[in-house]
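Listed below are the residues making up each chain.
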Amino acid sequence: MAIYFRNPSDNSIKGNIVRSISPDSEGNIWFCTEDGWLSRLEPKEHKVSNYQIIEKMNMHDIVMDGEKMWICSYGDGLFLFDLASQKVVKHYDLPDNFIRTGIKTSSGSILIGTRTGLYKYIKDTDSFELMPDTAGEYIHALYQDSRDILWIGTYGNGLYCTNKDGKILARHALDNGLTSKYITSFFEDSRHRMWITTEGGGVCLSPAGYHIEDLSFIAITREDGLASDVTCATVEDNDGTI
């Protein structure tokens, strides 16, 4: 295991507040930060390159899309970055430029979550279209599980589950064991359980083999040993430990 500390040298990430981390197809690891810096780590060479799209731009997520990368900013819209030339090739203004998250689905769709709804990229018109069922929702987290179910987490109104065509299969707020309406992330482990982190409600866990039609959750909170009921992410190591 290697540990990389930010330092004053040129071979270090420049940003202080890392918001999202994503690998590309070449084995490089990309970081976007809330204080204006996009960074690329080449692990084998221990080399770091830094890019500034807009000074002090607040970046919240990056979405890999073949030889391109979508950069989601919180306030400055959406940027399409070419990995080969390492340059921005297009900027998109959405009806809401405060973008919290994005995802590329198994069918190749690009979905972008904003404070006022979820937008889908329409390739034929090179534009974005609001998904009507999400209008007015603050989209805070997106995840597609191994069954192609899209999990949509909102900030203040619980979660949605949809099929790959966008049809809503389930919706939950403070019910069935979900302990917070403020969803921060989703994660499916190797046993096909869904872990849902929340702001204020700890972690909610769905059992293995869950059925979307009758979802239920088990809450894990400070009373169970968590350091805080504000949780941000879940990951599983190679030994199956969460």
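Preceding block: the structure.
Below: a short report on this structure.

Procedures and definitions
- Residues numbered from 1 in each chain as written.
- Predicted model: local features only at pLDDT ≥ 70, side-chain atom pairs only at ≥ 80, totals over all residues.
- Heavy atoms only, no water.
- Core = buried A, V, L, I, M, F, W, Y, C linked by side-chain atoms within 4.5 Å.
- Buried < 20%, exposed > 50% of the residue type's maximum accessible area, 1.4 Å probe, protein only.
- Helix = DSSP H or I, 4+ residues; strand = E, 2+ residues; numbered from the N terminus.
- Contact = heavy atoms within 4.5 Å.
- Pairing = 2+ DSSP bridges.
- Salt bridge = Lys/Arg side-chain N within 4 Å of Asp/Glu carboxyl O.
- Axes fitted to C-alpha atoms, helices over the stretch in contact; angles between N-to-C directions.
- Phe/Tyr/Trp six-rings, centres within 6.5 Å; stacked < 30°, edge-to-face > 60°.

## Side note on the nonpolar core
Okay, so step 1: Of all hydrophobic cores here, the largest spans 16 residues; its most connected members are Trp151, Leu159, Cys161, Phe186, Ile196 and Ile212.
Okay, so step 2: Looking at this core, the elements that each hand over two or more residues are strand S15 (159–162), strand S17 (183–188) and strand S18 (194–198).
Okay, so step 3: With residues up to four places along the chain from it excluded, the contact list for Ile212 reads Ile149, Trp151, Cys161, Leu169 and Ala170.
Okay, so step 4: The next biggest cluster of nonpolar side chains, apart from the first, holds 14 residues, and it includes Cys32, Met59, Ile62 and Leu83.

## With respect to the pairing of strand S5 (residues 59–65)
Okay, so step 1: Of all 7 residues that make up S5, 6 are buried, and the element is covered over most of its length.
Okay, so step 2: Strand direction decides the pairing type here: S5 and strand S6 (residues 68–73), joined by 6 bridges, are antiparallel. Directly across from Asp65, in S6, lies its bridge partner Lys68.

## Section: the pattern of salt bridges
Okay, so step 1: This model, assessed by the stated rule, comprises 8 salt bridges.
Okay, so step 2: The salt bridge involving Lys90 is made with Asp126; its shortest N-O contact spans 2.3 Å. One end of the pair, Lys90, is in strand S8 (residues 87–92); the other, Asp126, is in the loop between strand S11 (117–122) and strand S12 (127–130), with 36 residues separating them in the sequence.
Okay, so step 3: Residue class for Asp126 comes out partly exposed when judged on its relative accessible area of 27%.

## So, the sheet that holds strand S7 (residues 78–82)
Okay, so step 1: With antiparallel pairing, the 4 strands of this open sheet are ordered in space as S5-S6-S7-S8. The open sheet has two edge strands with one neighbour each: S5 and S8. Direction aside, neighbouring strands of the sheet carry axes that sit 25° apart on average.

## Things to note about unusual backbone geometry
Okay, so step 1: At Asp126, a residue that is not glycine, the phi angle is positive and equals roughly 50°.
Okay, so step 2: Although it is not a glycine, Asp148 adopts a positive phi angle of roughly 70°.
Okay, so step 3: With respect to the helices and strands, Asp148 occurs in the loop between strand S13 (139–144) and strand S14 (150–154).

## Description of the side chain of Asn28
Okay, so step 1: With respect to the helices and strands, Asn28 occurs in the loop between strand S1 (18–23) and strand S2 (29–33).
Okay, so step 2: Discounting chain neighbours no more than four positions away, the residues touching Asn28 are Ser22, Pro23, Arg40, Leu41, Glu42 and Pro43.

## Digging into the side chain of Thr162
Okay, so step 1: The topology assignment puts Thr162 in strand S15.
Okay, so step 2: For Thr162, a relative accessible area of 3% gives the class buried.
Okay, so step 3: Beyond its immediate stretch of four places on either side in the chain, Thr162 contacts Asp148, Ile149, Leu150, Ile152, Lys167, Ile168 and Leu169.

## Comments concerning the packing of aromatic side chains
Okay, so step 1: Applying the stated criterion across every chain, the model contains 14 aromatic pairs.
Okay, so step 2: Relative to Phe81, the ring of Trp30 lies with its centre 5.6 Å away and its plane at 70°, an arrangement referred to as edge-to-face. Of this pair, Trp30 sits in strand S2 while Phe81 sits in strand S7, placing them 51 residues apart in sequence.
Okay, so step 3: Looking at Trp30, the relative accessible area reads 1%, which means it is buried.
Okay, so step 4: A relative accessible area of 1% means that Phe81 is categorised as buried.
Okay, so step 5: Taken together, the ring pairs connect Trp70, Tyr92, Tyr121 and Phe128 into an aromatic cluster.

## Considering the environment of Met194
Okay, so step 1: Along the chain, Met194 turns up in strand S18.
Okay, so step 2: For Met194, a relative accessible area of 0% puts it in the buried group.
Okay, so step 3: Met194 sits 68 residues away from Asp126 along the chain, and the two C-alpha atoms are 34 Å apart.
Okay, so step 4: Beyond its immediate stretch of four places on either side in the chain, Met194 contacts Tyr143, Asp145, Trp151, Phe186, Phe187, Glu188, Cys204, Leu205, Ser206 and Tyr210.

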